[in-house]
Amino acid sequence: MAARTHTFQPPKGTRDFYPQDLAVRRYIESVWREVSINHGFEEIDGPTFEHLDLYTAKSGPEIVSELFSFRRAGGDVDYALRPEFTPTLARMYAAQAGSLPKPTKWFSIGPFFRAERPQRGRLREHIQWNVDIIGDDSPKADAEVIAVGLAVLEKYGLQPKNVRIKINNRHLMSFLLRNYANIPDKLHGEALALLDRRSRISEDSFQAQAAEVGLGRCNWPALFDCLNSQFSIGNVNDLVREVSQLDMTALVEVQDLDNQLEVRALAPWCHWDLNIVRGMAYYTGTVFEIHETTGKERAIAGGGRYDNLVELFGGPPTPACGFAMGDVVLRLVLEDRGLLKAAQEYAPRPDAFVISAGKDEAERQFRPLVARLRREGLHARHSYRSTRNVGKLLGEAAKTRARFAVILGDELKDGNVVVKDLDGGKQENVKLDDLATMLRERQKQ
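Report on the accompanying structure. (Residues numbered from 1 in each chain as written. Predicted model: local features only at pLDDT ≥ 70, side-chain atom pairs only at ≥ 80, totals over all residues. Heavy atoms only, no water.)

Next up on the list: the overall build of the chain. A tally of regular secondary structure across the chain gives 15 helices and 17 strands. The C-alpha radius of gyration computed for the chain amounts to 28 Å, which surpasses the reference 22 Å derived for 445 residues by more than 25%, pointing to a less compact arrangement than a globule. Seen through its principal axes, the chain has C-alpha atoms that stretch 90 × 65 × 45 Å. The buried share of the chain, taken over its 445 residues, is 47%. Sequence separation of at least 24 residues holds for 68% of the intrachain contacts in the chain that already meet a minimum separation of 6. Taken as a whole, the chain presents about 22,100 Å² of accessible surface, with 48% of it coming from carbon and sulfur. Between the centroid of the 60 positive side chains of the chain and the centroid of its 61 negative side chains there is a distance of 7 Å. (Helix = DSSP H or I, 4+ residues; strand = E, 2+ residues; numbered from the N terminus. Rg over C-alpha atoms; globule rule 2.2 N^0.38 Å. Buried < 20%, exposed > 50% of the residue type's maximum accessible area, 1.4 Å probe, protein only. Contact = heavy atoms within 4.5 Å. Areas by Shrake-Rupley, 256 points an atom, 1.4 Å probe, with all protein chains shown as cover. Lys, Arg positive; Asp, Glu negative; His and termini not counted. Charge placed at Lys NZ, Arg CZ, Asp CG, Glu CD.)

Spelled out as structure tokens, the structure:
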């Protein structure tokens with residue numbers, strides 16, 4: 001009886017990355033990395049799983065249902081795959097706070113995990129870019145992290161007509177909750193979390209959830225009227241008039257950030273939107289999200305200021321701000337707007353595709369030459385087919401997008417090989433001893 005075979009699929013909410021898929025992912029990551037470094041950020045990373053209480057300390061025990069948590073067989077310690085990077089970053093900063101520069105500018109790129117129902121734009125595993133400035137409480141830091149996010153979007157080919165940064169302020173929201181909805185300060189956390197879910201649930205569900213957390217009798221209509229207001233950068237006085245009793249803390253923060261965004265010429269990309277709340281309880285000031293202007297996809301990125309988190313993890317009182325951008329929604333947006341090239345164009349191009357024309361001397365030198373080029377730091381490939389038909393092998397070389405084909409033929413008797421430029425079609429004889437040098441020089445062109 002034949003053995004039974006099993007067909008396995010990737011876990012729900014995850015992705016397989018075949019070479020072409022991974023080439024696109026590497027392109028997305030390369031832009032993240034390049035822009036981060038150009039803006040003076042240094043790359044860090046941490047473990048892909050942490051102690052579970054790192055997350056419950058920040059978000060409470062209810063966060064556990066959203067995580068992939070586990071305990072090693074026979075162990076007594078609970079762990080969780082990281083759902084975000086901010087707790088790890090705060091832990092890392094707190095551990096070396098005394099020796100780190102002020103401000104510290106860090107970025108990271110890696111996989112993150114959420115135990116939730118997969119849907120368009122949101123998977124259980126994704127790649128995420130995190131950008132943070134720690135140790136600077138000024139609106140300049142808020143504006144700088146926003147500028148980094150916009151620089152990446154511009155690098156991908158997006159324009160202000162395609163995406164917008166929607167900005168709000170938690171101090172402003174606390175003022176509105178207190179003065180428009182009559183919500184006591186002790187319930188502001190629950191109210192903000194509820195408002196963050198508002199666009200994704202029905203009105204009946206909103207009211208039911210409000211009642212569950214003791215917010216059923218609040219003056220929501222008056223608050224909603226105010227939240228419907230949006231203001232362009234440079235017109236912050238309109239916001240002040242709309243919220244006539246605005247407290248000074250929120251007023252100064254809003255005005256200062258507004259000025260910083262204007263100074264950096266970011267106004268065409270940004271506006272104030274009082275509906276942007278961000279559900280994480282640790283945000284303390286500026287919050288923002290990046291959305292498509294069409295509103296077709298989920299937020300491309302989101303973040304804000306979190307001035308108390310480092311202290312929560314054992315460090316000194318330290319202001320901080322940052323944001324995260326995932327690859328799933330970003331890729332959908334870029335694909336939808338035709339801003340991703342054919343996947344193969346992101347794959348690394350071979351410097352040389354080595355071809356043996358089949359003569360004895362060519363066969364003898366073929367593999368040693370490939371090995372030598374690779375030792376010289378060049379990307380060299382060859383065919384695994386048995387054919388020695390040069391025309392067919394040149395066709396294979398072109399499919400790999402190699403820059404040059406190196407043909408070992410009769411010219412070997414004079415110590416030469418034929419080098420064909422697969423982009424321009426020109427070919428020339430090159431001394432075998434000079435081949436690696438020639439390919440490196442052309443590599444730079």
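The 3 strands are arranged 2-4-3 in an open sheet whose pairing can be described as antiparallel. Lying at the two open borders of the sheet, with one neighbouring strand each, are strand 2 (49–51) and strand 3 (69–71). Each adjacent strand pair in this sheet contributes to an overall mean axis angle of 35°, direction not counted. Alignment of strand 2 against strand 4 (residues 78–81), held across 3 bridges, turns out to be antiparallel. Note that in strand 4 the partner of His-51 across the bridge is Tyr-79. (Pairing = 2+ DSSP bridges. Axes fitted to C-alpha atoms, helices over the stretch in contact; angles between N-to-C directions.)

We now examine the sheet that holds strand 5 (residues 104–113). For sheets, the rule is that strands pair by backbone hydrogen bonds, running either parallel or antiparallel. What the 9 strands build is an open sheet, ordered 1-5-6-12-11-10-7-9-8; its pairing is mixed. The open sheet has two edge strands with one neighbour each: strand 1 (42–43) and strand 8 (230–232). Against the sheet, helix 10 (residues 248–263) engages strand 7 (163–169), strand 8, strand 9 (270–273) and strand 10 (286–292), with an angle of about 155° to strand 7.

This part takes up the state of the cysteines. By the definition in use, this model includes 0 disulfides. No disulfide involves Cys-321; its sulfur sits 14 Å from the nearest other cysteine sulfur, which is in Cys-270. Among the residues examined, Cys-321 registers a relative accessible area of 1% and is labelled buried. (Disulfide = S-S within 2.5 Å.)

On to helix 10, then. Compared with an ideal rise of 1.5 Å per residue, which puts 16 residues at 22 Å, helix 10 spans 22 Å between its outermost C-alpha atoms and is within 8% of the ideal. Listed in full, the buried residues belonging to helix 10 are Ala-250, Leu-251, Val-254, Leu-257, Asp-258, Gln-260 and Leu-261. (Expected span 1.5 Å × (residues − 1).)

What follows concerns the packing of aromatic side chains. Considering all chains together, one arrives at 15 aromatic pairs under this definition. Summarising the aromatic geometry, the rings of Trp-129 and Phe-323 are spaced 5.2 Å apart at their centres and angled 90° between planes, so their arrangement reads as edge-to-face. One end of the pair, Trp-129, is in strand 6 (residues 125–134); the other, Phe-323, is in strand 12 (residues 320–326), with 194 residues separating them in the sequence. No difference in accessibility class separates Trp-129 from Phe-323, as the two residues are buried. (Phe/Tyr/Trp six-rings, centres within 6.5 Å; stacked < 30°, edge-to-face > 60°.)

Time to look at unusual backbone geometry. The residue after Lys-102, namely Pro-103, is reached through a cis peptide bond having omega -5°. If you check the backbone angles, Ala-265 has positive phi at about 60° while not being a glycine. For Ala-265, the location among the structural elements is in the loop between helix 10 and strand 9. A relative accessible area of 54% means that Ala-265 is categorised as exposed.

In a soluble, globular protein the nonpolar side chains are often hidden away together inside. In terms of nonpolar packing, the biggest core is built from 52 residues, with Trp-32, Trp-129, Cys-270 and Met-325 touching the most fellow members. In terms of residue count, helix 4 (residues 139–155) provides more of this core than any other element does, 9 residues in total. Setting aside residues up to four positions removed in sequence, Trp-129 forms contacts with Trp-32, Ser-36, Phe-107, Ser-108, Ile-109, Val-148, Gly-149, Val-152, Phe-323, Ala-324 and Met-325. Tyr-55, Ala-90, Leu-100 and Phe-112 belong to the second-largest nonpolar core, a separate cluster that totals 26 residues. (Core = buried A, V, L, I, M, F, W, Y, C linked by side-chain atoms within 4.5 Å.)

Before going further, it helps to examine the pattern of salt bridges. Scanning the model with the defined rule gives 28 salt bridges in all. As a salt-bridge pair, Glu-144 and Lys-105 come within 2.6 Å of each other at their nearest N and O atoms. You can see Glu-144 sitting in helix 4 and its partner Lys-105 sitting in strand 5, a full 39 residues away along the chain. Residue class for Lys-105 comes out buried when judged on its relative accessible area of 19%. Note that Arg-305 is salt-bridged to Asp-142, the shortest N-O span being 2.7 Å. Of the two residues, Arg-305 is situated in strand 11 (residues 301–305) and Asp-142 in helix 4; the sequence distance between them amounts to 163 residues. Like Asp-142, Arg-305 is buried. (Salt bridge = Lys/Arg side-chain N within 4 Å of Asp/Glu carboxyl O.)

In this section: the pairing of strand 6. Of all 10 residues in strand 6, 9 are buried, a share of seventy percent or more. Here strand 5 pairs with strand 6 via 10 bridges, running antiparallel. By the bridge assignment, Trp-106 is partnered in strand 6 with Asp-132. The pairing of strand 6 with strand 12 spans 7 bridges and is antiparallel.

Moving on: the packing of helix 6 (residues 188–197) against helix 7 (residues 203–212). Where helix 6 contacts helix 7, the axes come no closer than 11 Å and their chain directions differ by 165°. With respect to each other, helix 6 and helix 7 are oriented roughly antiparallel. Here helix 6 and helix 7 pass one another in a crossing that is right-handed. Together, Leu-194, Leu-195 and Arg-197 of helix 6 and Phe-206, Gln-209 and Ala-210 of helix 7 make up the contact between the two elements. Broken down by class, the residue content of the contact of helix 6 with helix 7 amounts to 4 nonpolar, 1 polar and 1 charged. (Parallel < 35°, antiparallel > 145°, perpendicular 65-115°, else oblique. Left-handed = near helix turned anticlockwise from the far one by under 90°. Nonpolar A, V, L, I, M, F, W, Y, C, P; charged D, E, K, R; others polar.)

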